[in-house]
Amino acid sequence: MLKIYNTLARDKQEFVPIEPNKVGMYVCGMTVYDYCHLGHARVMVVFDMVYRWLKASGFDVNYVRNVTDIDDKIIRRAAENNESIYALTQRFIDAMHEDADALGVQRPDHEPRATQYVPEMLDMIARLEQNGLAYKAADGDVNFAVRKFDGYGKLSGKSLEDLRAGERVNVNDGKSDPLDFVLWKHAKEDEAAEVQWDSQWGRGRPGWHIECSAMGSKLLGPHFDIHGGGADLQFPHHENEIAQSEGAHQCSFVNYWMHNGFVNVDKEKMSKSLGNFFTIREVLKKYDAEVVRFFILRAHYRSPLNYSDAHLDDAKGALDRLYTSLKFSPSSGSGRTDLMDWNTPHAARFKAAMDDDFNTPEAMAVLFDLAAEVNRSQSVAAATQLKTLAGVLGLLQRDPVEFLQGGATVSGLDDAGINAQIEARTAAKQVRNFAEADRIRKELLEAGIVLEDSAAGTTWRRA
RNA sequence: GGCGAGAUAGCAAAAUGGUUAUGCAGCGGAUUGCAAAUCCGCCCAUCCCAGUUCGAUUCUGGGUCUCGCCUCCA
């Protein structure tokens, strides 16, 4: 029985899908005007893990992750670069796919772009207007009338009074209430034609929040199971999505709201505005993508995750241990979870952990226990189970030797050079010239190559 | 100021009203020419103060500290 921490309830709840065995899941994706950083990596990896576990649990999942390809920052960046927003966003969508693929993130079933759903958004705004929840302001923007919607604040736990008392809410002249948010932005004089659409309220472009409401209901229906995103989207974005969707369709919007924690740097949220971010591709120059994925899944998805080289090094060491245990039987495991017997002790423990609000750290502890078991028994069956369970997390699917020998080449040594050195050392060992053998081993170690002798011969890996 | 989350060993990170987390690091042993890897064993912990309880790291209250949201943010 799967339990999910529902932000709406502030508690773990048993997951009951609207339609038996089917799950509709929507996750807020990227705004594509720059490269993805590690914070984006966490959202992608975390919900990829959720997607995989739901599927492994037998659900037929319809996973939607949107792309925001129209907004102020995109328009500004495109203008700075003197290129079209389409060229800019396509470039960064391609880059995002490269990063996601590297991290082992499966493609969602749908990846809608905002600019392709403007008619749906306009339709939704019209419904809101008919329902008395939207109004056109003097400045030409169409706004959502927050105080006309009962229950505004139910997701974020904020009341309109509290928000109103906040010092940081800016008063906007066009809004009848400072907390109202924009649904449709009127076109500005200097804006390019490609960022303008016709509407019954005049030319303009959509506000940020409406795209997710419109695309979510179009692809998953007005009422669906799971909606996810970073914790920073809880307010105002997701709160506003609820207001728009429920206001337009007059029915419940989402049953389970999931929010992942941030990636921190020195205990502080990694963010664009603070400038303390590392892009995924930057990190991948230094660390294997699977190490990064392992690092992300090693913490519970709702906990903060502190980024540092030391922590990545630690994750590398831990993943090395798992791969090392599989070395004796490289081809073991089909990764077929449908063939998995979930009643065996390790699998049952793994399943219980994952069913408990996706407790990946506990699930990983099972992996390590299993690895120790594999090391002891050298059992192909145990190795197969390890690989299959890890596969549910998108880990451990590569050839162990390829993983252990992979990574950045610190020295100029290539495989042939390393093997030549190993042969020279073996020859020295055969004539019991251990001084020479140790010299070679030390030399390789300084180049980041660790040698391991066994009865079957000498193998190597990167430190 | 309002609202919320959290404080677990050297580091990272789960869980739990009484009994091994797990990984890395450290210590001892096995193994090895010596190592590495592996195995066996060990060390190291629950922010502070009260309360509930036979028993609290876990529940309750208070305190301290940290972080997040309230503005674009994953």
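Treat the numbers as computed from the prediction; the structure is a model and nothing was measured.

**Student:** Can you tell me about helix α16 (residues 434–446), naming the residues and giving the values?
**Tutor:** With 13 residues, α16 extends 18 Å from end C-alpha to end C-alpha; this agrees with the ideal 18 Å at 1.5 Å per step. Those residues of α16 not exposed but buried are A437, I440 and L444. Summarising the axial view, the buried residues of α16 lie within an arc of 65°, below the 170-degree limit, and thus occupy one face. Turned more than 90 degrees from where α16 packs its buried face, A435, K442, L445 and E446 sit exposed.

**Student:** Mind laying out the sheet that holds strand β7 (residues 181–186), listing which residues take part and the relevant values?
**Tutor:** Strand order across the open sheet formed by four strands is β5-β6-β7-β8, with antiparallel pairing between neighbours. Looking at strand neighbours, the two that pair on one side only are β5 (134–136) and β8 (204–206), the edges of this open sheet. Averaged over all neighbouring strand pairs, the angle between strand axes comes to 25°, with direction disregarded.

**Student:** I'd love a proper account of the side chain of R113, names of residues and values included.
**Tutor:** If you trace the backbone, R113 turns up in the loop between α3 (85–102) and α4 (118–130). Setting aside anything within four residues of it in sequence, one finds R113 in contact with V67, D69, Y86, T89, Q90, I93 and M215.

**Student:** Any details on the pattern of salt bridges? Residues and values, ideally.
**Tutor:** A side chain of one charge can pair with a side chain of the opposite charge when the charged atoms of the two come close. Counted under the stated rule, the structure contains 40 salt bridges. Among the salt bridges present, the one from R439 reaches E443, with a minimum N-O distance of 2.7 Å. Pair noted here: R439 and E443 are both in helix α16, with a separation of four residues, about one helical turn. In this structure, E452 engages R461 in a salt bridge whose closest nitrogen and oxygen atoms are separated by 2.6 Å.

**Student:** Give me the packing of helix α11 (residues 345–355) against helix α13 (residues 380–392): which residues, what numbers.
**Tutor:** It is at 11 Å that the axes of α11 and α13 come closest, and there the two elements cross at 10°. Relative to α13, the element α11 is oriented roughly parallel. Contacts between α11 and α13 involve H346, A347 and F350 from the former and Q385, L389 and V392 from the latter.

**Student:** An account of the packing of helix α1 (residues 38–56) against helix α9 (residues 289–297) is needed here, citing residue identities and associated values.
**Tutor:** In contact at an axis separation of 10 Å, α1 and α9 are set at 75° when each is read in the N-to-C sense. Of the possible angle classes, the one that applies to α1 and α9 is roughly perpendicular. Within the contact between the two elements, α1 uses L38, A41, R42, V45, V46, D48, M49 and R52 and α9 uses V292, R293, I296 and L297. Class assignment of the residues belonging to the contact of α1 with α9 gives a composition of eight nonpolar, no polar and four charged.

**Student:** Lay out the sheet that holds strand β13 (residues 305–306) with the relevant residues and their values.
**Tutor:** Pairing between the strands of a sheet is mediated by backbone hydrogen bonds and can be parallel or antiparallel. The strand order β12-β11-β13 describes an open sheet built from three strands, whose pairing is mixed. What marks the edges here is a single partner per strand, and that holds for β12 (268–269) and β13. Taken together, the two bridges between strand β11 (residues 263–265) and β13 define a ladder with parallel strand orientation. Looking at β13, one finds that N264 is bridged to N306.

Definitions and cut-offs
- Residues numbered from 1 in each chain as written.
- Chains lettered and ligands numbered in written order.
- Predicted model: local features only at pLDDT ≥ 70, side-chain atom pairs only at ≥ 80, totals over all residues.
- Heavy atoms only, no water.
- Helix = DSSP H or I, 4+ residues; strand = E, 2+ residues; numbered from the N terminus.
- Expected span 1.5 Å × (residues − 1).
- Buried < 20%, exposed > 50% of the residue type's maximum accessible area, 1.4 Å probe, protein only.
- Arc of directions from axis to C-beta.
- Pairing = 2+ DSSP bridges.
- Axes fitted to C-alpha atoms, helices over the stretch in contact; angles between N-to-C directions.
- Contact = heavy atoms within 4.5 Å.
- Salt bridge = Lys/Arg side-chain N within 4 Å of Asp/Glu carboxyl O.
- Parallel < 35°, antiparallel > 145°, perpendicular 65-115°, else oblique.
- Nonpolar A, V, L, I, M, F, W, Y, C, P; charged D, E, K, R; others polar.

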